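Below, each chain spelled out in residue letters.
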Amino acid sequence: NVFYGGTLCQDILTLYPQRLNHKVLNLPKWHFAHDVKIQKNTSLYELFGKENILVNSFHHQSIEKLGDGLTVTAIAKDSVIEGIEDLNKYLVMGVQWHPEMMIDKEPEQMRLFNYFIKKIQNK
């Protein structure tokens, strides 16, 4: 996001105390912390095939101003941006959760990795 000219909120709870706690450290790393809404017509929606998924959460920073050319692909109930992509580039995507920590308990998170592998193989 910063590379695209956007900005970061340095600490979500300091600036926005009413927001969800996105830095959930008292649960196992694979455990769900909150859900995110996935926007239709995005690669993230294409690979999950649904509008809502549950994710883990360990971050205290978030996107404040979205960078030029980026699209929000996932958002938490408190309006914190959880996913972005550049729809004009071949493979620029980012998520705020950690799917690599969830795949043993929640295999659908492996779809993110499979998506990247498939895209790379087809390039």
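Just so it is clear, the model here is predicted, and its values are computed rather than measured. Just so you know, the residues in each chain are numbered from 1, in the order the chain's sequence is written. In keeping with the predicted nature of the model, local features appear solely for residues at pLDDT of at least 70, side-chain atom pairs appear and are counted solely at 80 or more, and the whole-chain, interface and lining totals rest on all residues. Working from all heavy atoms in the structure, the side-chain values ignore hydrogens and water.

Caption draft 1: Broad picture of the nonpolar core. To qualify as a nonpolar core, a set must consist of buried Ala, Val, Leu, Ile, Met, Phe, Trp, Tyr and Cys residues joined through side-chain atoms within 4.5 Å. Per-residue accessibility, obtained with a 1.4 Å probe over protein chains only, is compared with the maximum for each type, and a residue is labelled buried under 20%, exposed over 50%, and partly exposed between these values. In terms of nonpolar packing, the biggest core is built from 13 residues, with L44, L47, F48, I53, W97 and L112 touching the most fellow members. Elements supplying a minimum of two residues to this core: β2 (34-38), α2 (43-48), β3 (52-55) and α3 (110-122). Helix numbering and strand numbering both begin at the N terminus, where a helix is a DSSP run of H or I of at least 4 residues and a strand a DSSP run of E of at least 2. Ranked by residues supplied to this core, first place goes to α2 with three residues. By definition in these notes, contact holds between two residues if any of their heavy atoms fall within 4.5 Å. For L112, the contacting residues outside a window of four places in its chain are L44, L47, F48, M93, V95, W97 and P99. Membership of the second largest hydrophobic core comes to five residues, among which are I63, L70, I81 and I84.

Caption draft 2: Local environment of the pairing of β2. Across the two faces of β2 the burial differs, with H34, V36 and I38 buried and D35 and K37 not buried at all. Of the pairings in the sheet, the one linking β2 to β3 comprises four bridges and is antiparallel in character. The residue of β3 that forms the bridge with V36 is I53. Note that β2 and strand β5 (residues 71-76) share three bridges and pair antiparallel. When DSSP finds two or more bridges between two strands, those strands count as paired.

Caption draft 3: A look at the pattern of salt bridges. Any carboxyl oxygen of Asp or Glu within 4 Å of a side-chain nitrogen of Lys or Arg constitutes a salt bridge here. Following the criterion strictly, the structure yields four salt bridges and no others. In this structure, the salt-bridge partner of E51 is K37, at a minimum N-O distance of 3.5 Å. Taken together, the residues E51 in the loop between α2 and β3 and K37 in strand β2 connect sequence positions 14 residues apart. K40 is the partner of E51 in a salt bridge, and the nearest nitrogen-oxygen pair spans 3.5 Å. In this pair, E51 sits in the loop between α2 and β3 while K40 sits in the loop between β2 and α2, placing the two residues eleven residues apart along the sequence. On the accessibility criterion, K40 (47% relative accessible area) is partly exposed. Put simply, K37, K40 and E51 are held in one network by salt bridges that share partners.

Caption draft 4: A look at unusual backbone geometry. Unlike most non-glycine residues, N41 shows phi in positive territory, near 60°. Residue position: N41 is located in the loop between β2 and α2. Overall, N41 belongs to the exposed group, its relative accessible area being 73%. Positive phi, close to 80°, is recorded for S79, a residue that is not glycine.

Caption draft 5: How the structure looks around the environment of Q109. Note that Q109 resides in the loop between β7 (93-95) and α3. Residues Q109 and F48, 61 residues apart in the sequence, show an inter-C-alpha distance of 8.5 Å. Setting aside its immediate chain neighbours within four residues, Q109 contacts F48, I53, L54, W97, P99, M102 and I103.

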